[in-house]
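# Observations on the model geometry
What follows is the residue order along each chain.
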Amino acid sequence: MITKLPKDSLYQEMQDNEIIDLIQSGDSNALEFIINKYNDIVNIKASKFFATGVEREDIVQEGLIGLYKATKSYDTSKQNSFKNFANLCIERQISSFLRNIAREKHKVLNNSISLDSTTNSVGRPLTELILDD
């Protein structure tokens, strides 16, 4: 009688490069295995970042996006180790996310008009116009 091994045990015997080849061929179980395998690394990386108004889960999610992108763009003929490449992709994705959040945070200030400006048709500061009304 042959007992069926759990799907993860097949991947546990494989090198990361081999698993990545399977992912790039469309094996969703291999992708799930890699995400589970590197989940702790994503959480550790995410814990090193902080931004006001951003929840930790959002940062973790961005780390997972970075990991996913790493699985899709990893080239075994160019990179040495998937783990190093994945670490880099995770950090860059999180950093990029936080930079974009910071830019959005100041969007209102960047697009606002000073009340002391005289860029209106009357030629008087906006504060005088408001006080006159």
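Up top you'll find the structure we're talking about.
How each quantity is defined
- Residues numbered from 1 in each chain as written.
- Predicted model: local features only at pLDDT ≥ 70, side-chain atom pairs only at ≥ 80, totals over all residues.
- Heavy atoms only, no water.
- Helix = DSSP H or I, 4+ residues; strand = E, 2+ residues; numbered from the N terminus.
- Polar contact = N/O pair within 3.5 Å; in protein donor to acceptor, adjacent residues only side chain to side chain.
- Contact = heavy atoms within 4.5 Å.
- Core = buried A, V, L, I, M, F, W, Y, C linked by side-chain atoms within 4.5 Å.
- Buried < 20%, exposed > 50% of the residue type's maximum accessible area, 1.4 Å probe, protein only.
- Salt bridge = Lys/Arg side-chain N within 4 Å of Asp/Glu carboxyl O.
- Expected span 1.5 Å × (residues − 1).
- Bend = angle between axes of the 7 residues up to and from the residue.

Mapping Q93 onto the fold places it in helix α5 (residues 82-105). A distance of 3.0 Å separates polar atoms of two side chains, one belonging to Q93 and the other to K69. When neighbours within four sequence positions are excluded, Q93 is seen to be in contact with E62, I65, G66 and K69.

Let us look at the nonpolar core. By size, the foremost hydrophobic cluster in this structure holds 27 residues, and its most contacted members are I19, I23, I34, I59, L67, F82 and L98. At the level of elements, α2 (16-24), α3 (28-47), α4 (56-73) and α5 are the ones that each hand at least two residues to this core. Those residues in contact with I19 that lie beyond four places of it in its chain are Y11, M14, A30, F33 and I34.

The next thing to look at is the pattern of salt bridges. Counted according to the given criterion, the structure contains two salt bridges. Residues K37 and D16 are paired through a salt bridge, measuring 2.6 Å at the closest nitrogen-oxygen approach. Pair noted here: K37 is in helix α3 and D16 is in helix α2, with a separation of 21 residues, a long-range link.

Attention now moves to α3. Its 20 residues give α3 an end-to-end C-alpha distance of 27 Å, which sits within 8% of 28 Å, the value for a rise of 1.5 Å per residue. Approximately 45° is the largest bend angle found in α3, and it occurs at Y38. Taken as a whole, α3 has its buried residues at A30, L31, F33, I34, Y38, I41, V42, K45 and A46. Its side-chain oxygen at 3.0 Å from the backbone nitrogen of N29, D27 defines the N-terminal cap of α3.

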